[in-house]
Amino acid sequence: MTSRFSVSSGAFSHCIYGGGSLLTRYFPGWSQLLSVGSAGGYGPDMARPRGAIARIDPLSALVERATLTRSNIRVVVDVRVTASRRKAAGRPPFPSPIATLDARHGGDRRRDMIHSRDQLLHLIPQLTALPAEAEWVEFKVNNTDPTMIAERISALSNSAKINGQDFGYLIWGVEDGTHKIIGTTFEPETAKKGNEALEAWLAHSIHPQIHFEFETIQVGGLRLVVLTIVPASFEPVRFGPKAFVRVSENTQELDRYPDHARRLWRAFDERGWEGGTAKERLTDEQVLDLLDYPKYFELLGLPLPENRVGILGALESDSLIGRMAGTGWKVANLGAILLAKRLTDFPSLSRKALRVIRYDGVDRLKTTKEQIGGRGYASGFEGLIDYVSAFFPANEAIGVALRTTTPLYPPLAIRELIANALIHQDFAITGSGPIVEVFDDRVEISNPGSPIVDPARLIDTPPKSRNEGLAALMRRMGICEERGSGWDKVAFEVEFHQLPAPEVLTTSDTTRVTLLSPRPLGSMTPDERAHAVYLHACLNQVSRKDTTNSSIRQRFGIEEKNKSVASRLIKEALDRGLVVAYDKNAGPRNRRYIPFWAAGLSEPAR
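Rules of the game
Here the residue numbering is sequential within each chain, running from 1 through the sequence in written order. Residues qualify for local features only when their pLDDT is at least 70, as the model is predicted, and side-chain atom pairs are given and counted only at 80 or more; totals for whole chains, interfaces and linings, by contrast, use all residues. The basis for every side-chain value is the complete set of non-hydrogen atoms in the structure, without hydrogens or water. Buried Ala, Val, Leu, Ile, Met, Phe, Trp, Tyr and Cys residues that are joined via side-chain atoms within 4.5 Å together make up what is termed a nonpolar core. Think of it in three bands: with a 1.4 Å probe and only protein chains considered, a residue is buried below 20% of the maximum accessible area for its type, exposed above 50%, and partly exposed in between. Residue contacts follow a heavy-atom distance rule, with two residues in contact if any of their heavy atoms lie within 4.5 Å. By definition here, a salt bridge exists when the distance from a side-chain nitrogen of Lys or Arg to a carboxyl oxygen of Asp or Glu is within 4 Å. In summary, the pairing rule links any two rings of Phe, Tyr or Trp, Trp by its six-membered ring, whose centres are within 6.5 Å, and it sorts them by plane angle into stacked for under 30 degrees, edge-to-face for over 60 and tilted for everything else. Runs of H or I in DSSP of at least four residues are treated as helices and runs of E of at least two as strands, each being numbered from the N terminus. Comment: the charge-over-ring label is applied if NZ (Lys) or CZ (Arg) is within 6 Å of the ring centre and within 35 degrees of the ring normal. Helix axes are fitted to C-alpha atoms over the stretch in contact, other axes to C-alpha atoms as well, and angles between N-to-C directions run from 0 to 180 degrees. Any angle from 65 to 115 degrees is called roughly perpendicular, while one under 35 is roughly parallel, one over 145 is roughly antiparallel, and all others are oblique. We call a crossing left-handed when the near helix sits turned anticlockwise from the far one by less than a right angle, and right-handed when that turn is clockwise. Per residue, pLDDT captures the predictor's confidence, and it can take any value from 0 to 100. When DSSP finds two or more bridges between a pair of strands, those strands are recorded as paired.

Colleague: Explanation requested: the nonpolar core in the structure shown.
Modeller: Grouped burial of nonpolar side chains is what soluble globular proteins tend to show. Counting 92 residues, the largest nonpolar core has Leu291, Tyr296, Ile337, Leu338, Phe346, Ile418 and Val436 as its most contacted members. In this structure Ile418 touches Leu354, Phe381, Leu384, Ile385, Val388, Val436 and Ile445, once residues within four positions along its chain are discounted.

So this is what it looks like as structure tokens:
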């Protein structure tokens, strides 16, 4: 018996081999639990949101091999059970995994696929009716060479982008030239490259990682295999070191066709990730079922239209959805990431849900709570902020008659930092998403992608958005500040609550902002003190205020009689080159200081 299904997953590829023994393996990054349980079926179990365990239970099934392969955003699980061995062990017949999966999902086991079966059956006649193979469509019969398939994934993904198509297609079982459907013997779920499962090999051979999906359907009693490939997003898709492209009906190396390369890069500029397709060929009802459209109108302060036409028209006007010629609607990535009722309904976006983790202590050894956001960023933002804030301890003060509590971290700063992580992440980095980690002494907020501005210049640099459409719409909804005042607010809140300056750590594919808990000046490290002085000078510079010994004392709550303490703090920042004296000839009492980047300005801050 062989069965197959897919669920949302992170970026990995792995195989487990066994023969009737309990096999367990922990895979960091999974958002589902895959299991072959006592019922004899298998499916996603949402009771374990962090990590996952692949379990083959010998009490319910004899398993020759369980293969876990990662096809970009999804995981395909093939379980082969030897019926004769099960019978010899005195076990009853193995129930159908597919039937079990159908039961667990209300009969809809294809809800996370790019295309439904009906959509594929509607699509095939359109593609075979083309007068010739298009640059984004190719037909095969039984050619299953893995290298050929990998080159075609690269070529069809790049060509789909050039031609403005939502997907590229490689279809087996259709005769080239005549486009006659004759069927195929290709079985991608059992195909291999050497000793490695085909889909696993393809997943780590294609760069950058993109979403692709094999599906098998019957058309007129003949078997077809459809490989659906998403378009390239921000750079050419490569197989190994080479990028390929379709030129008329031929697959060629992209470097040999500079005009195609120019068109591809121009397409990246014209249509970014936000305009890509999250789901397509949808009816009016399906669009409204997928998206939280009442929240869209609520956040924008608009009345809810009285009919479906008005609702869809408003969503289309903001490029959240789009019409498809003769085949209904498509939901854009922008619409799905903002308004999805369930991000799991959009396989390519499910890993972009925000994760919130609470640790016990100051390290990651013990997790006490974890939650993965299920809704779109706009639909679930307020609830998300409330949930995150509940993880934070509070400061308690007893007044004359009342006991009051104040948040340990400024709510406005937390809100702005989380909004920044959502907006400025690099959606081209697959397999990871934004994350909030809460420790006893700090909060770390991370997102995929390095910042597009110098982290030392976050306050003064003119605003730049990696995802301009997302930033603009979230600003209109009142969720974030697009125009550069977000970090100003964070800096002000940090100073007002006398917290250490936020730390910004960047790598080639991650940005992490750490907000430290309150601590006495004497408990701060020299670097923390120096960066707090620098942040104070930056905030004053853009606010046209002076940074002086007096302002430093006010920032840190230092009494006037301890001016020398403030002077030492300034010296620490001077020694590190973070600030410079604006008027070096002025006496120590009247001297003003500015951030290093303001040294070339001809006028002081005020």
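On we go from here.
Colleague: Looking at this model, I keep getting lost on the pattern of salt bridges. Mind explaining?
Modeller: Evaluated as defined, the whole model comprises 33 salt bridges. Between Lys140 and Glu138 there is a salt bridge, and its shortest N-O distance comes to 3.0 Å. Accessibility classification places Lys140 together with Glu138 in one group, the buried group. Here Asp441 ties to Arg442 by a salt bridge, and the two come within 2.9 Å at their closest N and O atoms. A residue is classified by how much of its surface remains accessible, and Asp441, at 24% relative accessible area, is partly exposed. Among the charged side chains, a network of salt bridges with common partners joins Arg364, Glu437, Asp441, Arg442, Glu444 and Arg512.

Colleague: How do you make sense of the packing of aromatic side chains when you look at a structure like this?
Modeller: Each aromatic ring pair is specified by the distance between its two centres and by the angle formed by the two planes. Summed over the entire model, instances satisfying the criterion amount to 14 aromatic pairs. A ring pair is formed by Trp201 and Phe239, whose centres lie 5.8 Å apart and whose planes are at 70°; its orientation type is edge-to-face. Taken together, the positions of Trp201 in helix α5 (residues 198-205) and Phe239 in strand β15 (residues 238-239) put the pair 38 residues apart, joining distant regions of the chain. A residue is classified by how much of its surface remains accessible, and Trp201, at 11% relative accessible area, is buried. Each member of the aromatic cluster is reached from another via a ring pair, and the members are Trp172, Phe186, Phe212 and Phe214. Note that Lys193 overlies the ring of Trp201, its terminal NZ or CZ placed 5.4 Å from the centroid. Directly above the aromatic system of Phe439 lies the positively charged group of Arg442, at a separation of 3.7 Å from the ring centroid.

Colleague: Would you mind showing me how to read the packing of helix α14 (residues 486-496) against helix α15 (residues 526-542) here?
Modeller: The packing of two helices is summarised by the inter-axis angle and the distance between the axes. The geometry of α14 relative to α15 is characterised by a closest axis approach of 10 Å and an angle of 125° between their N-to-C directions. It follows from the interaxial angle that α14 and α15 lie oblique. Here the hand of the crossing between α14 and α15 comes out left-handed. Note on element contacts: α15 touches α14 through Ala532, Leu535, His536, Leu539 and Val542, opposite Asp488, Ala491, Phe492 and Glu495.

Colleague: Explanation requested: the confidence of the model for the protein in the structure shown.
Modeller: Low pLDDT marks regions whose predicted coordinates should not be analysed in detail. Summarising the model, the protein shows a mean pLDDT of 78, and 76% of its residues fall at 70 or more. For residues 1-87, every residue scores under 50 in pLDDT, and the model assigns this stretch 249 contacts once sequence neighbours within four places are set aside.

Colleague: Help me out: how do you make sense of the packing of helix α4 (residues 146-162) against α5 in this one?
Modeller: Running from amino to carboxyl end, α4 crosses α5 at an angle of 45°, the nearest separation of the two axes being 11 Å. What the angle tells us is that α4 and α5 run oblique. As for how α4 packs across α5, the hand of that crossing is right-handed. Counted together, Pro146, Thr147, Ile149, Ala150 and Ile153 of α4 and Leu198, Trp201 and Leu202 of α5 form the full contact between these two elements.

Colleague: In this structure, what is going on with the pairing of strand β14 (residues 222-229)? I would like to understand it.
Modeller: Side-chain direction in a regular strand flips from residue to residue, so the side chains alternate between the two faces of the sheet. Most of β14 is tucked away: seven of the eight residues are buried. As paired elements, strand β9 (residues 168-172) and β14 share five bridges and run antiparallel to each other. Opposite Leu170, over in β14, you have Leu227 as the bridge partner. Bridge count for strand β13 (residues 212-219) against β14 is eight bridges, and the pairing is antiparallel. Directly across from Glu215, in β14, lies its bridge partner Val226. Remark: two residues form the turn of the hairpin made by β13 and β14, two consecutive strands paired antiparallel; Gly220 in that turn has positive phi of roughly 60°.

Colleague: Is there a simple way to explain the environment of Val287 in this structure?
Modeller: Locating Val287 in the fold gives a position in helix α7 (residues 284-290). On a C-alpha basis, the gap between Val287 and Trp329 in space is 7.4 Å, while along the polypeptide they are 42 residues apart. With residues near it in sequence (within four places) discarded, Val287 still touches Leu282, Leu312, Ile321 and Trp329.

Colleague: I would appreciate a short explanation of unusual backbone geometry in the present structure.
Modeller: A negative phi angle characterises most non-glycine residues, just as the trans form characterises most peptide bonds. Residue Pro208 is bonded to the preceding His207 through a cis peptide linkage, with omega at -10°. Within the fold, Pro208 resides in the loop between β12 (206-207) and β13. The backbone phi angle of His179 is positive, close to 60°, even though this residue is not glycine. Its location among the elements puts His179 in the loop between β9 and β10 (192-193). In the Ramachandran plot, Gln498 falls in the positive-phi region, its phi being about 50° despite a non-glycine side chain. Note on placement: Gln498 falls in the loop between α14 and β27 (503-506).

Colleague: Can you help me understand the sheet that holds strand β18 (residues 277-282) in this one?
Modeller: By definition, the strands of a sheet pair up through backbone hydrogen bonds, in either a parallel or an antiparallel sense. In spatial order, the strands read β18-β20-β19; together these three strands make up an open sheet with antiparallel pairing. Two strands close off the open sheet at either side, each with one partner strand: β18 and β19 (321-324). In this sheet, adjacent strand axes meet at a mean angle of 20° when their direction is disregarded. Relative to strand β20 (residues 328-332), β19 runs antiparallel, the two sharing four bridges. Looking at β20, one finds that Arg323 is bridged to Trp329. Relative to the sheet, helix α9 (residues 308-317) contacts β19 and β20, its axis offset from that of β19 by approximately 105°.

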